[in-house]
Amino acid sequence: HCRDLKKGAFVIFRSITSSRTWKKRIFVGEVVTDYDEDEDLIGIHYHTDLGPNDYWRNFDPSKPLVERKLKKEYKNKDGVSFTRTTKIDANSAPVIEDFMNHEL
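Because the structure is predicted, anything quoted here is derived from the model rather than measured.

> I keep staring at the overall build of the protein and nothing clicks. Help me out?
Each helix and strand in the protein was counted, giving 1 helix and 8 strands. Sequence-ordered secondary structure for the protein, helices as α and strands as β, is β-α-β-β-β-β-β-β-β. The C-alpha atoms of the protein give a radius of gyration of 14 Å, which matches the 13 Å a tight globule of 104 residues would have. Its C-alpha atoms give the protein principal-axis dimensions of roughly 40 × 30 × 25 Å. Burial statistics for the protein: of 104 residues in total, 32% are counted as buried. Of the contacts formed within the protein by residues at least 6 apart in sequence, a portion of 49% connects residues at least 24 apart. Accessible surface, the protein as shown: approximately 6800 Å² in total, 49% of it carbon and sulfur. Here the protein carries 18 positive and 18 negative side-chain charges, and the mean point of each set is 9 Å from the other.

> Help me understand the pattern of salt bridges, please; the structure alone is not making it clear to me.
Any two side chains of opposite charge can pair, on the condition that their charged atoms come close. Per the counting criterion, the structure on display carries 4 salt bridges. Ionic pairing is found between Glu37 and Arg3, a salt bridge with its closest N-O pair at 3.3 Å. Taken together, the residues span a long stretch of sequence, with Glu37 in the loop between β2 (27–31) and β3 (41–48) and Arg3 in the segment before β1 (10–13) at a distance of 34 residues. A salt bridge links Lys63 to Asp49; the nearest nitrogen and oxygen atoms lie 3.0 Å apart. Of this pair, Lys63 sits in the loop between β3 and β4 (71–72) while Asp49 sits in the loop between β3 and β4, placing them 14 residues apart in sequence. Using a relative accessible area of 27% as the deciding quantity, one classes Lys63 as partly exposed.

> Help me out: how do you make sense of the nonpolar core in this one?
Listed in full, the 11 residues of the largest apolar core are Cys2, Val11, Phe13, Phe27, Val31, Tyr35, Ile42, Ile44, Tyr46, Val95 and Phe99. Mapped onto this core, the elements with two or more residues apiece are β1, β2 and β3.

The rules behind each value
- Residues numbered from 1 in each chain as written.
- Predicted model: local features only at pLDDT ≥ 70, side-chain atom pairs only at ≥ 80, totals over all residues.
- Heavy atoms only, no water.
- Helix = DSSP H or I, 4+ residues; strand = E, 2+ residues; numbered from the N terminus.
- Rg over C-alpha atoms; globule rule 2.2 N^0.38 Å.
- Buried < 20%, exposed > 50% of the residue type's maximum accessible area, 1.4 Å probe, protein only.
- Contact = heavy atoms within 4.5 Å.
- Areas by Shrake-Rupley, 256 points an atom, 1.4 Å probe, with all protein chains shown as cover.
- Lys, Arg positive; Asp, Glu negative; His and termini not counted.
- Charge placed at Lys NZ, Arg CZ, Asp CG, Glu CD.
- Salt bridge = Lys/Arg side-chain N within 4 Å of Asp/Glu carboxyl O.
- Core = buried A, V, L, I, M, F, W, Y, C linked by side-chain atoms within 4.5 Å.

This is the structure we're talking about:
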């Protein structure tokens, strides 16, 4: 249950808000906001494996968790994902999604 999750905790989840194909995929994220009882929301910062070239097309959500090299995911001003911290600039943002309790 989301209200039991605290900032800094890591979660492994499937999102029911995703398309049919993505619903089968396993995601990993870090809880970055405490559970909001009023809004029924919790914020999760995605951690992903974009491969050695840090290219979004390398993301394979079916790859076993034990084989993933997870890093915090960010997006540039065009919405393209990356994980290399050397690419972070003023136009970058962490890939954080708010989830309602029943969506995880």
